[in-house]
Amino acid sequence: MLRTRIAVSRPSAWLCRSLATHAAIPQTYVEKVVQRHAVGLPEGKVVRAGDYVMIRPQHVMTHDNTGPVINKFKSIGATKISDPRQTVFTLDHDVQNRSSTNLAKYAKIEKFAGDHSIDFYPAGRGIGHQIMIEEGYAFPGVMTVASDSHSNMYGGVGCVGTAIVRTDAAALWATQRTWWQVPPIVQVKLEGELPVGVTGKDIIVALCGTFNKDEVLNCAIEFSGSGVAQLSVDERLAIANMTTEWGALVGVFPVDSVLEKWYEVQMKKLDLRRFQFAGESSSLPPLAQGDHPRLSPERLKSVFSNPVVADEGAHYTKTLTLHLPSLSPSVSGPNSVKVATPLPVLEEQNIKINKAYLVSCTNSRASDLKRAADVLKGKKIADGVEFYVAAASSVVQKESEAAGDWAALVSAGAKVLPAGCGPCIGLGTGLLEDGEVGISATNRNYKGRMGSPNAQAYLASPEVVAASALAGYITGPKIEGAAHSSSGPTVEIQEHASASTSSSATPAVAEPLLPSFPPLFSGPLLFTPQDNLNTDGIYPGKYTYQDDITLARQAEVVMENYDPEFAGIVKTLKAPTPRTGRGVLLAAGYNFGTGSSREQAATALLSSGIELVLCGSFGDIFKRNSINNALICVECPELIEDLTRDFGKEGKRNAGSKEGELTVRTPYWVEVGSVDGKVSLFTEQGGELVKEYKVGAVGGSVQEMWLAGGLEGWVRERI
């Protein structure tokens, strides 16, 4: 049941004022943490959602993709890691691959780590995200990034974790810095008591399947509410991990007493083990030589004696509420996290399974293994079912072995895989084959993700996965006192007034205009009335791996898969002198640039003469690639709504244009102010003003990169 209302922001109970608030403008938890890691801010600048900032995250992790980052690092001209202690390498994705090619790749990465004194964790030590938690790289109140989408997981321990692309990683290695735009921030309230037999995994499965219309797309999520305190840290990690699938860029839990007690237990565990797996190139000392370099009583005391909390009156774009008492064990799929079904409904359908998986960084920690072992102890996996198990890390596996849970899983018939990503990303042993059905405690069940595109994949909690493996069909364990409903959960949505209209706080500090940066971007306006225009539509895949293709050729084929006439239209309009702020401005719908991470989608638009893109919203990776290549991106939903009304078929979104053109040559001249954040629409160049729209200023970090010709040029200027 869904209830929607519009209201001005009201903070939840835990969002009390910090003991050390330095800003007159109230900030959310995410804004405060980013403020701590922002560099080069104008004096008095308070970080808010929407701001572009230069950040120095505490750590940056790369995994099997370290090889391409090394190549990018060298191509920029960098030779020295600016801060080896900021950088972490973990080999975890293709750890079952013993081919000479893969082993050589791994050896190259390890050698680079050794040459530069970088913390290195070899294949077999575990999944990178789990290592980041275990070894304190992801830590309460800090910002840590990784070149992997599931770095959201760090939010389970109050760390603002987010994904970056490879160029960002290379920039961080060389300068310790890269840029970030603070996303819109959504408050997700978990209210009430969890019913018996319902877990944290059921919460995120239900959230993904209930709020499945992009409510949190490209947002940062802050979890709150009375239900948070009953969630273990392992459950919080699983929920934060899957906020990625929900569409968010960050998913963070509060720093509270539950987290503090969890760290006390972790410190005791550290006393029982040495750092056996860091490799010779790692800086990590054995415990006998002193405290852990990141997990120490002093550091923990500092965090929990004065935790970062959101201010009263902090602004959230919206508040989503899930009433936990209405929740049942839930299952995602098949083949989509946007489909969530209460378990009792699926049990009635008797869905036979061929494979079951308890693997990945989502739900393969010691507590997850225990829950599955409790279901399977003294029993055997059903005939015809293969059940694959891999611990999230070698440390987790040792803990599970010591507790007897690992042996219980193996005795039941589980097939053991090494600690690593494996089947979750479609690598190695045990993948789904044509026509098979699998149920997994992982995070992602896109078509073909775990094997054949002709297979069906479901996601569920470790208990449900284990019970299904035991029965041979999708079902859950029988738990005394559990009374689960076949109905969906009760939820609410509150849309909040914008910060500018709901707050009387001190005016924001203006962004300065850097010398030589255009004060104005202006030109004729084109409009593509299409939502979800993906990177293949912008730059066809058949050209992506033609390494010798020139920028001039990219300009000729831009938008070829969407509108073959687009390049010709731009050519007739573009300014004779590029990079002056004068050129063609493109307006498009929502989620522009969704899809693959190809950088050419940005460089082809820029090369064609597009100086700036105005959209309802952008695909986040496209926006990163655009700014990294000096293409300015501006979100202006109100403009897109007006253009859709004027030029869209029947005035509707995503229905094409009134006259059937794929690219509309509007009569308008548009100007975008770099400092005042005004988008001005004129009848023609020098003509009458039609309407003005307010957007954010172009941040100093974006200006710096534009002037340098992109992030790579910006790095070269600083090494």
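Refer to the structure printed above.
Predicted model, so just to flag it, every value in this text is computed and none were measured.

Student: Got a minute to help me understand the pattern of salt bridges in this structure?
Tutor: A side chain of one charge can pair with a side chain of the opposite charge when the charged atoms of the two come close. This model, assessed by the stated rule, comprises 36 salt bridges. With its nearest N and O atoms 3.7 Å apart, the salt bridge here joins Arg 48 to Glu 31. One end of the pair, Arg 48, is in the loop between strand S2 (38-39) and strand S3 (52-55); the other, Glu 31, is in helix H1 (residues 29-37), and 17 residues separate them in sequence. Put simply, Asp 536 and Arg 598 hold a salt bridge, and the shortest N to O gap is 3.0 Å. With Asp 536 in helix H16 (residues 535-538) and Arg 598 in the loop between strand S23 (584-588) and helix H20 (600-608), the pair connects residues that are 62 residues apart, well separated along the chain. By relative accessible area, which is 31% here, Asp 536 ends up partly exposed. Because the salt bridges share partners, they merge into one network encompassing Glu 638, Asp 642, Arg 645, Asp 646 and Lys 691.

Student: Explain the side chain of Ser 400 to me, please; I cannot follow it from the model alone.
Tutor: For Ser 400, the location among the structural elements is in helix H12 (residues 394-403). Classification of Ser 400 as buried rests on a relative accessible area of 1%. Dropping the residues within four chain positions of it, Ser 400 is found in contact with Leu 369, Asp 405 and Trp 406.

Student: Just to check I follow, could you spell out empty space enclosed by the protein for this structure?
Tutor: Regions of empty space are outlined by a rolling probe, equal in size to a water molecule, passed over the atoms. Counting across every chain of the model gives five cavities of 30 Å³ or more. Estimated volume of the largest cavity: approximately 40 Å³. Lining of the largest cavity is provided by Asn 335, Leu 432, Tyr 446, Lys 447, Gly 448, Arg 449, Met 450, Gly 451, Ser 452, Ala 455 and Ala 457.

Student: Please explain the nonpolar core as it appears in this structure.
Tutor: Trp 173, Leu 614, Leu 643 and Val 679 are the most contacted members of the largest nonpolar core, which totals 62 residues. Residues contacting Leu 643, with those up to four places away along its chain left out, are Leu 525, Phe 527, Ala 587, Gly 648 and Tyr 668. Listed in part, the 50 residues of the second largest apolar core include Ile 127, Val 160, Val 252 and Val 308.

Student: Please clarify how the sheet that holds strand S27 (residues 678-682) should be interpreted in this entry.
Tutor: Note on sheets: strands pair through backbone hydrogen bonds, and any given pair is parallel or antiparallel. The seven strands lie next to each other as S25-S24-S23-S22-S26-S27-S28, forming an open sheet whose pairing is mixed. Edge positions in the sheet fall to strand S25 (632-635) and strand S28 (689-694), since each of these pairs with one other strand and no more. Strand-to-strand twist across the sheet, computed as the mean angle between neighbouring axes with direction ignored, equals 30°. Bridge count for strand S22 (residues 520-528) against strand S26 (residues 664-673) is seven bridges, and the pairing is antiparallel. Within the sheet, the bridge partner assigned to Gly 523 lies in S26 and is Val 670.

Student: Any chance you could explain the packing of helix H11 (residues 366-376) against helix H14 (residues 462-471) here in plain terms?
Tutor: Helix-helix packing: each pair is described by the crossing angle between the helix axes and the interaxial distance. Running from N to C, H11 and H14 cross one another at 30°; their axes reach a closest spacing of 8 Å. When you trace H11 past H14, the crossing you get is right-handed. Within the contact between the two elements, H11 uses Asp 368, Arg 371, Ala 372, Val 375 and Leu 376 and H14 uses Pro 462, Glu 463, Ala 466, Ala 467 and Leu 470. When grouped by side-chain class, the residues that make up the contact of H11 with H14 number seven nonpolar, no polar and three charged.

Student: Honestly, H11 in this entry has me stumped. Any pointers?
Tutor: Each α-helix turn comprises 3.6 residues. Residues three or four places apart therefore point the same way. For H11, the set of buried residues is Ala 366, Asp 368, Leu 369, Ala 372, Ala 373, Val 375 and Leu 376. Of the surrounding secondary structure, the elements contacted by the buried residues of H11 are strand S16 (355-358), strand S17 (386-389), H12, helix H13 (405-411) and H14.

Student: Explain the environment of Glu 704 here, please?
Tutor: You can see Glu 704 is positioned in helix H23 (residues 700-707). Once the C-alpha coordinates of Glu 704 and Met 54 are considered, the two residues, 650 residues apart in sequence, prove to be 9.8 Å apart.

Here is what the cut-offs are and how they apply
- Residues numbered from 1 in each chain as written.
- Predicted model: local features only at pLDDT ≥ 70, side-chain atom pairs only at ≥ 80, totals over all residues.
- Heavy atoms only, no water.
- Salt bridge = Lys/Arg side-chain N within 4 Å of Asp/Glu carboxyl O.
- Helix = DSSP H or I, 4+ residues; strand = E, 2+ residues; numbered from the N terminus.
- Buried < 20%, exposed > 50% of the residue type's maximum accessible area, 1.4 Å probe, protein only.
- Contact = heavy atoms within 4.5 Å.
- 1 Å grid on protein atoms, 1.4 Å probe; cavity = no way out; pocket = protein on both sides within 12 Å on 5 of 7 lines; lining within 4 Å.
- Points joined across faces, edges and corners; volume = space filled by probe spheres on them.
- Core = buried A, V, L, I, M, F, W, Y, C linked by side-chain atoms within 4.5 Å.
- Pairing = 2+ DSSP bridges.
- Axes fitted to C-alpha atoms, helices over the stretch in contact; angles between N-to-C directions.
- Left-handed = near helix turned anticlockwise from the far one by under 90°.
- Nonpolar A, V, L, I, M, F, W, Y, C, P; charged D, E, K, R; others polar.

Keep in mind these values describe shape, not function.
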